[in-house]
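Chain and residue survey
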Amino acid sequence: MTTTELETIAKMMVAEGKGILAIDESTPTIKKRFDSINVESTEENRRAYRDLLITNPDGNKYISGMILYDETIRQSTSDGTPFAEKLTNDGIMPGIKVDTGAKDFALHSNEKITEGLDGLRERLAEYKNLGAKFAKWRAVITIGKNIPTTACIDANAHALARYAGLCQEIGIVPMVEPEVLMDADNTIDLCYNITEKTLSSLFSTLKNQDVSIAHTILKTNMVISGKQCPTQANVQEVAEKTVQCLLKNVPSELAGIVFLSGGQSAELATAHLNAMNQNNKDLPWPLSFSYGRALQEPCLKAWGGNSENIETAQKALLHREKCNGLACKGEYDTKMEDAA
Ligand code: 13P
């Protein structure tokens, strides 16, 4: 694998008008999603659900890649085609979540450190054979009383850099995801400060470890009010502060930035991305999406575990994919929601 190949993959991930669909929920997380629609989380139900997401006709118009989970990358469509092969045939790049989860950070109550570095070189080699072109590692940063600590931010940045280096060594594009959670009652300005600290620590650590920034994708939270904050910043303020924070803390040579939705409603996540792209036509990197819940929620509800609903569920998913594809170009209009 040459750096040109890494560059091609990274560029394709954030190709104009396209983004990433995250379907890499771990087994405990997908169980929570299935509980919300009263569907049992069996291996076959998980396969059937991922099958409808992966085989959605026309999904490749707006989706450049999908992030899979270890179980999912080993599963196949109903006609027996391995999921990764089906995606590749449709021009969608398979990606893989490779961290093994956020665990309690020793000596730091209420903070998490993401694990998964042991044996990662060998696991990446296997995933590459299974067709993975890019990978994802998520670090969790929690806002609360006296947290996050610098220790937590730096330890997570260190793990992200070690993961990214292993990915690039084997020719897989690393998506580095430091997620500042939006569940607390903090103001948007506090979110700005913590996101700034997190990104600045991440990029200096990546540089220290000689990770090629030009062959890396950043997956980040938006700068946004905490969910429990009594004053909620509006769409324009979220867009402005997010872009300002990124311009200040993200090197211009980075291949691209994609956002997680983090618990925002599907429509708001689209409106925020759209405002950023509408107001800023000459940013150093493409701004796109890598949503899980904000793409899947309407589809999951429409499916409800019933195979008769597959077509309706796929239409709901395609609608969100299209809205977000347009938001990448600043061409989304909320009227599209009424029309749908
Ligand atoms: P959400 O968009 O649901 O936050 O999920 C994205 C993701 O992949 C989190 O790691």
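This text follows the structure it describes.
Below is a short write-up of the structure. Note that the structure is predicted; figures quoted are calculated from it, not measured.

This next bit is on the overall build of the protein. Tallying secondary structure elements over the protein gives 13 helices and ten strands in all. Taking 340 residues into account, the globule formula puts the C-alpha radius of gyration at 20 Å, and the protein, at 19 Å, falls close to it. Reported as C-alpha extents along the three principal axes, the dimensions of the protein are approximately 50 × 45 × 40 Å. Looking at the protein as a whole, 56% of its 340 residues qualify as buried.

Right, let's talk about the packing of helix H8 (residues 188–208) against helix H9 (residues 235–249) for a bit. Their axes nearest at 9 Å, the elements H8 and H9 cross at an angle of 25 degrees. It follows that H8 is roughly parallel to H9 by the angle criterion. Where H8 crosses over H9, the two elements pack in a sense that is right-handed. Within the contact between the two elements, H8 uses Ile188, Asp189, Tyr192, Thr195, Glu196, Leu199, Ser200 and Phe203 and H9 uses Glu237, Val238, Lys241, Gln244, Cys245, Leu246, Lys248 and Asn249. For the contact of H8 with H9, the class distribution of residues is seven nonpolar, four polar and five charged.

Okay, unusual backbone geometry next. Note the cis peptide between Ile147 and Pro148, where omega equals 10 degrees. Assignment of secondary structure puts Pro148 in the loop between strand S6 (134–141) and helix H7 (150–170). Despite not being glycine, Asn110 has its phi angle at roughly 65 degrees, a positive value. Judged by relative accessible area, Asn110 falls into the exposed class, the value being 63%. Residues other than glycine seldom take positive phi values, yet Asp210 does so here, at roughly 60 degrees. Along the chain, Asp210 falls in the loop between H8 and strand S8 (217–220). Overall, the relative accessible area of 68% leaves Asp210 in the exposed class.

What the rule picks out here adds up to five aromatic pairs. One aromatic cluster is present, built from ring pairs that chain together Phe34, Tyr49 and Trp303.

By the element assignment, His215 lies in the loop between H8 and S8. The class for His215 is buried, based on a relative accessible area of 9%. Those residues within four positions of His215 in sequence are excluded, and the remaining contacts are Thr3, Leu6, Glu7, Gln168, Val173 and Pro174.

The subject of this paragraph is the site of the ligand. Around the ligand there are 13 residues in total, and Lys136, Lys219, Ser261, Gly262 and Arg293 lie nearest to it. One of the side-chain N or O atoms of Lys219 is found 2.7 Å from an oxygen atom in the ligand. One nitrogen or oxygen atom from the main chain of Gly262 is found 2.7 Å from an oxygen atom belonging to the ligand. Burial of the ligand by the surrounding chains reaches 92%, relative to a free accessible area of 300 Å². At the level of secondary structure, the elements contributing two or more residues to the shell around the ligand comprise S6 and strand S10 (287–291). A breakdown of the residues in the shell around the ligand according to their chemical character gives three nonpolar, four polar and six charged.

Moving on to the pairing of strand S3 (residues 93–97). Counted residue by residue, S3 has five buried out of five residues, so it is predominantly covered. Along S3, one buried face is formed by Met93, Gly95 and Lys97 and the opposite face, lined by Pro94 and Ile96, is buried too. Bridging between S3 and S6 involves three bridges; their strand directions are parallel. Residue pairing across strands places Lys97 opposite Lys136, the latter belonging to S6.

Considering the arrangement of structural elements, one finds Thr195 in helix H8. For Thr195, a relative accessible area of 3% puts it in the buried group. Those residues in contact with Thr195, other than ones at most four positions away along the chain, are Val180, Thr220, Asn221, Val223 and Cys245.

This structure, assessed with the given rule, holds 23 salt bridges. When the shortest N-O distance is used, the salt bridge between Lys11 and Glu7 registers 3.0 Å. Taken together, the residues span about one helical turn, with Lys11 and Glu7 both in helix H1 (residues 3–13) at a distance of four residues. Taking relative accessible area as the criterion, Lys11 reaches 54% and is therefore assigned exposed. Here Asp70 makes a salt bridge to Arg74, at a shortest N to O gap of 2.8 Å. Taking the relative accessible area as the measure of exposure, Asp70 reaches 27% and is therefore partly exposed. Each of Asp24, Lys136 and Glu177 takes part in salt bridges that share partners, so that together they form one network.

What counts and how
Residues numbered from 1 in each chain as written. Predicted model: local features only at pLDDT ≥ 70, side-chain atom pairs only at ≥ 80, totals over all residues. Heavy atoms only, no water. Helix = DSSP H or I, 4+ residues; strand = E, 2+ residues; numbered from the N terminus. Rg over C-alpha atoms; globule rule 2.2 N^0.38 Å. Buried < 20%, exposed > 50% of the residue type's maximum accessible area, 1.4 Å probe, protein only. Axes fitted to C-alpha atoms, helices over the stretch in contact; angles between N-to-C directions. Parallel < 35°, antiparallel > 145°, perpendicular 65-115°, else oblique. Left-handed = near helix turned anticlockwise from the far one by under 90°. Contact = heavy atoms within 4.5 Å. Nonpolar A, V, L, I, M, F, W, Y, C, P; charged D, E, K, R; others polar. Phe/Tyr/Trp six-rings, centres within 6.5 Å; stacked < 30°, edge-to-face > 60°. Near = heavy atom within 4 Å. Polar contact = N/O pair within 3.5 Å; in protein donor to acceptor, adjacent residues only side chain to side chain. Areas by Shrake-Rupley, 256 points an atom, 1.4 Å probe, with all protein chains shown as cover. Pairing = 2+ DSSP bridges. Salt bridge = Lys/Arg side-chain N within 4 Å of Asp/Glu carboxyl O.

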